[in-house]
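# Structure at a glance
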Amino acid sequence: SQQRTTIHALHTALKNTSKPSIAMSSHNALSAKLASQAGFNAIWASGFELSASHALPDASILPWTAHLDVVRSISSTVSIPVIADIDTGFGNAVNVAYTIPQFEQAGAAAVVIEDKTFPKDSSLRSQGRQKLVSIEEFQGKIAAAKASSEMVIIARTEALIADLGEEEAMKRGEAYVEAGADAVLIHSKKKTPDEILSFCRKWKGAVPLVIVPTAYPSISFKEVGELGKVGLIICGNHAVRAAVSGMRGAFKSILEDGGIAGVEGSIASVEETFELQGDEEMREIERKFLR
Ligand code: SPV
Ligand code: MG
């Protein structure tokens, strides 16, 4: 199946730490299709983006089925691997055991599960509520995920986000590998890459790392590749932020201009939008079947 192929492709790509794969965030099938057309290697079905697209905080406000629905919609639209952000797994290890197969069925190639307590809060929020579950409990959640799915299971530690220090982050990362994680996402909200660079250099784990450099954007993909430890770089929220800027600009111009003519040259054409909607495929169906 196509899903088996994307799972396998992602497994292989993660190991190529001298040239990390680049995932772009998406909050719906349209943004995922644009990211795929642009040439990104994978889609990050971001909880932050999904929440933002509902004008809600990224704090376990949306039901888990909202994550599932967007993953299904994205997976049925693009053929590159889709990495589902399942936050904390929406509960304990039992919840993980029941929800994980649903994400696999929805077409995800991978899930990222984080070691925060449910309900989670955004990692990027200053003074956010960053309480972690115990290492043992999270190992159970990873094991539950591995036991119930063929997908790539990426364990994410929020130890640095919670200000618990590098040693705790390292201990957690290694413990998660022991529990069966295929990769470890090490997250940081420091404004410079120093914290992440130090962690990556010290990492001796048997699996590749994953990073989300939103807070420390100065780091280049090339620089990350030179570390030889990171298999995947996730652009965490750039689709929804680009959408916000694009819409704000166009909306402002239209009201200022007192008409829609001024934005014609700077927004996507209707024809371009038809293409993204798969209009060609529908025409084919019309030709074949519509009598
Ligand atoms: C997301 O994009 O939902 C993430 C990355 O989990 S972050 O927002 O940095 O926590
Ligand atoms: Mg998230």
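Residues numbered from 1 in each chain as written. Chains lettered and ligands numbered in written order. Predicted model: local features only at pLDDT ≥ 70, side-chain atom pairs only at ≥ 80, totals over all residues. Heavy atoms only, no water.

All right, on to the packing of aromatic side chains then. Here the structure, examined in full by the defined rule, presents five aromatic pairs. For the pair Phe199 and Trp203, a centre-to-centre distance of 5.7 Å together with 20 degrees between the ring planes defines the contact as stacked. Accessibility assignment for this pair places Phe199 and Trp203 in one class, buried. (Phe/Tyr/Trp six-rings, centres within 6.5 Å; stacked < 30°, edge-to-face > 60°. Buried < 20%, exposed > 50% of the residue type's maximum accessible area, 1.4 Å probe, protein only.)

All right, on to the site of ligand 1 then. In the vicinity of ligand 1, the contacting residues are Trp44, Ser46, Gly47, Phe48, Asp58, Asp85, Ser123, Leu124, Arg156, His187 and Gly236. The side chain of Trp44 places a nitrogen or oxygen atom 3.0 Å from an oxygen atom of ligand 1. Asp85 is positioned such that a nitrogen or oxygen atom in its side chain is 2.8 Å from an oxygen atom of ligand 1. In isolation ligand 1 offers 280 Å² of accessible surface; the protein chains occlude 100% of this area. A breakdown of the residues in the shell around ligand 1 according to their chemical character gives three nonpolar, five polar and three charged. (Near = heavy atom within 4 Å. Polar contact = N/O pair within 3.5 Å; in protein donor to acceptor, adjacent residues only side chain to side chain. Areas by Shrake-Rupley, 256 points an atom, 1.4 Å probe, with all protein chains shown as cover. Nonpolar A, V, L, I, M, F, W, Y, C, P; charged D, E, K, R; others polar.)

Once that is clear, we can look at the pattern of salt bridges. Close approach of charged atoms allows side chains of opposite charge to pair. Enumeration over the complete set of coordinates arrives at 21 salt bridges. Between Lys120 and Glu114 there is a salt bridge, with the nearest N and O atoms lying 3.2 Å from each other. The same class applies to Lys120 as to Glu114, namely buried. The residue Glu168 makes a salt bridge to Arg172 at a minimum N-O spacing of 2.9 Å. Residue Glu168 and its partner Arg172 are both found in helix H7 (residues 166–178); the two are separated by four residues, about one turn of the helix. A single salt-bridge network, built from bridges that share partners, covers Asp58, Asp87, Glu114, Lys116, Lys120, Arg156 and Glu158. (Salt bridge = Lys/Arg side-chain N within 4 Å of Asp/Glu carboxyl O. Helix = DSSP H or I, 4+ residues; strand = E, 2+ residues; numbered from the N terminus.)

Right, let's talk about the pairing of strand E4 (residues 110–114) for a bit. Remark: a regular strand shows side chains that alternate across the two faces of the sheet. Counting buried positions along E4 gives five out of five residues, so the element sits mostly inside the fold. Side-chain alternation along E4 places Ala110, Val112 and Glu114 on one buried face and Val111 and Ile113 on a second face that is also buried. Looking at chain direction, strand E3 (residues 82–85) and E4 are connected through three bridges and run parallel. Of the residues in E4, the one forming a bridge with Ile83 is Ala110. Considered for its hand, the β-α-β crossover made up of E3, helix H5 (residues 93–105) and E4 is right-handed. Bridge count for E4 against strand E5 (residues 152–157) is five bridges, and the pairing is parallel. Its bridge partner being in E5, Ala110 is matched across the sheet by Val152. As a crossover connection, the stretch from E4 through helix H6 (residues 135–147) into E5 is right-handed. (Pairing = 2+ DSSP bridges. Right-handed = clockwise from strand over helix to strand, strands pointing away.)

This paragraph deals with the confidence of the model for the protein. Confidence in the prediction of the protein, expressed as mean pLDDT, is 97, and 100% of residues score 70 or more. Confidence scores differ between elements of the protein, with helix H1 (residues 2–15) showing the lowest mean pLDDT of 95 and strand E2 (residues 42–45) the highest of 99. At the level of chain-chain contacts, confidence expressed as ipTM amounts to 0.99, with global pTM at 0.98. (pLDDT = per-residue confidence, 0-100.)

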